[in-house]
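Examination of the molecular architecture
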Amino acid sequence: MGAVLTGFAIIAVVVAVGYVAARLGVGGPEARTVLNRVGFFVASPALLFTVLARADVGALVRAPLAVAAASAVVSAGVFVLVDRLWLRLPAPEAVVGAAGSGYVNANNIGLPVAVYVLGDATAVVPVILLQLLVLAPVVLLVLDATTSGRLSWRFVLAQPVRNPIILGSLAGAVVSLSGWTPPAPVMAPLDILGGAAIPMILLAFGMSLHGTRPLRRGEPRAAVGVASAVKLAVMPIVAFVVARAVLGLDDAAVASAVTLAALPTAQNVYNYAARFGRGEILARDTILVTTLGSPVVLLVAALLVA
């Protein structure tokens, strides 16, 4: 559990630096926007390419993929159902809420959890690949469609060409499947650029907290509550049921699946919301609430599935 708390502490420090930077006016009033745009168009595609190029994409066919996919889809579906019955958010905000309910922080927190808690760094790979190759493109596609007001086959087929994150993910997957190892002069600059992605996202998230009070009156508190409850409670339960009752996995695999499902909402959700200018407060507050609540859920999950 100490390793999990350490991972959260590291993230909290970088987010706090972003908050202080915004408070001191470092970078000017447009710093958050600039960080988000550079992270989206430059750093994140480089990061995704290098991660996937070195990963075993074949890990997607393993049982953990089925658990990750089922828990993500069911959780997002629960949010959408509650939204249709009660919240009735505009379409882009509903997409952000659904993403916040089922998109886990598999990189910043998932990797240290996999290494120090599960003892297997590859445990998180299926989740990362699922989110990068399937969930993120779907979320971005629907956000683009609902904010631009257009959806056609031409639009759908043009998404990989128009979206740098999808391009980076697909290129990395192709390299991995081909078995080709890019030379160091190719990977080194991409590693440097990719290394800037997570700090940029976390700094921008910290900057977004300056001058705002999470869960204020007049903000989407009900939507944040629903998304956070689904993420922290429903998703781990679904992962347990699918892993244990449906797939019949062993105790170690069940513990791994539940632990990964109990991770908080990823900062990427805020990055996507900020990119399209919709649902930013919903994404920000959901990330904050689930990040604060996830250590408790992880501890309870560890005790129950031990």
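Conventions used here
- Residues numbered from 1 in each chain as written.
- Predicted model: local features only at pLDDT ≥ 70, side-chain atom pairs only at ≥ 80, totals over all residues.
- Heavy atoms only, no water.
- Helix = DSSP H or I, 4+ residues; strand = E, 2+ residues; numbered from the N terminus.
- Rg over C-alpha atoms; globule rule 2.2 N^0.38 Å.
- Salt bridge = Lys/Arg side-chain N within 4 Å of Asp/Glu carboxyl O.
- Buried < 20%, exposed > 50% of the residue type's maximum accessible area, 1.4 Å probe, protein only.
- Contact = heavy atoms within 4.5 Å.
- Patch = residues over 30% accessible without salt bridge, like charges linked within 9 Å, V, L, I, M, F, W, Y side chains within 5 Å.
- Areas by Shrake-Rupley, 256 points an atom, 1.4 Å probe, with all protein chains shown as cover.
- Expected span 1.5 Å × (residues − 1).
- Core = buried A, V, L, I, M, F, W, Y, C linked by side-chain atoms within 4.5 Å.
- Polar contact = N/O pair within 3.5 Å; in protein donor to acceptor, adjacent residues only side chain to side chain.

1. A look at the overall build of the protein chain
Across its full length, the protein chain holds 14 helices and zero strands. Shown N-terminal to C-terminal, the secondary structure of the protein chain runs as helices and strands in the order α-α-α-α-α-α-α-α-α-α-α-α-α-α. Computed over the C-alpha atoms, the radius of gyration of the protein chain is 18 Å, within 12% of the 19 Å expected from 2.2 N^0.38 for a compact globule of 306 residues. Seen along its three principal axes, the alpha-carbon backbone of the protein chain occupies a region of about 50 × 50 × 45 Å.

2. Some points on the pattern of salt bridges
Evaluation of the coordinates by the stated rule reveals six salt bridges. Linking R54 and D191 is a salt bridge whose minimum nitrogen-to-oxygen distance equals 2.8 Å. Of the two residues, R54 sits in helix α2 (residues 31–54) while D191 sits in helix α9 (residues 184–195), which places them 137 residues apart along the sequence. On the basis of relative accessibility, which here comes to 52%, the residue R54 falls in the exposed class. Classification of D191 by relative accessible area gives partly exposed; the value is 31%.

3. Considering the environment of A114
Locating A114 in the fold gives a position in helix α5 (residues 110–116). Residue class for A114 comes out buried when judged on its relative accessible area of 0%. On a C-alpha basis, the gap between A114 and I165 in space is 24 Å, while along the polypeptide they are 51 residues apart. In this view, A114 contacts G119, D120, A121 and V124; residues no more than four positions away in its chain are not counted.

4. Examining a nonpolar patch on the surface
On the surface, a cluster of nonpolar side chains totalling about 360 Å² of accessible area is made up of V34, V38, F41, V42 and L193. Among the elements that line the nonpolar patch, the one with the most residues is α2, at four residues. Its location among the elements puts V38 in helix α2.

5. Remarks on the environment of A274
Within the fold, A274 resides in helix α13 (residues 267–276). Separated by 15 residues in the primary sequence, A274 and T259 have C-alpha atoms spaced 28 Å apart. If near-sequence neighbours (up to four positions away) are discounted, A274 is found in contact with N36 and E280.

6. Regarding helix α10 (residues 197–209)
Taking 1.5 Å of rise per residue, 13 residues should cover 18 Å, and α10 covers 19 Å from first to last C-alpha, within 8% of that figure. Within α10, 11 of the 13 residues are buried, leaving the element largely enclosed by the surrounding structure. If you check which residues of α10 are buried, you get A197, I198, M200, I201, L202, A204, F205, G206, M207, S208 and L209.

7. Re the nonpolar core
Considering soluble globular proteins, one finds that nonpolar side chains tend to be buried as a cluster. Membership of the largest hydrophobic core comes to 84 residues, with the highest contact counts inside it found for V67, F79, L89, V96, Y103, L143 and Y272. Setting aside residues no more than four positions away along its own chain, F79 makes contact with L87, L89, A94, G97, A98, S101, A223, V226 and A227.

8. Digging into the side chain of S71
Secondary-structure assignment places S71 in helix α3 (residues 63–87). Among the residues examined, S71 registers a relative accessible area of 2% and is labelled buried. Here A68 takes part through its backbone oxygen, which lies 3.1 Å from a polar atom of the side chain of S71.

Geometry only, nothing functional implied.
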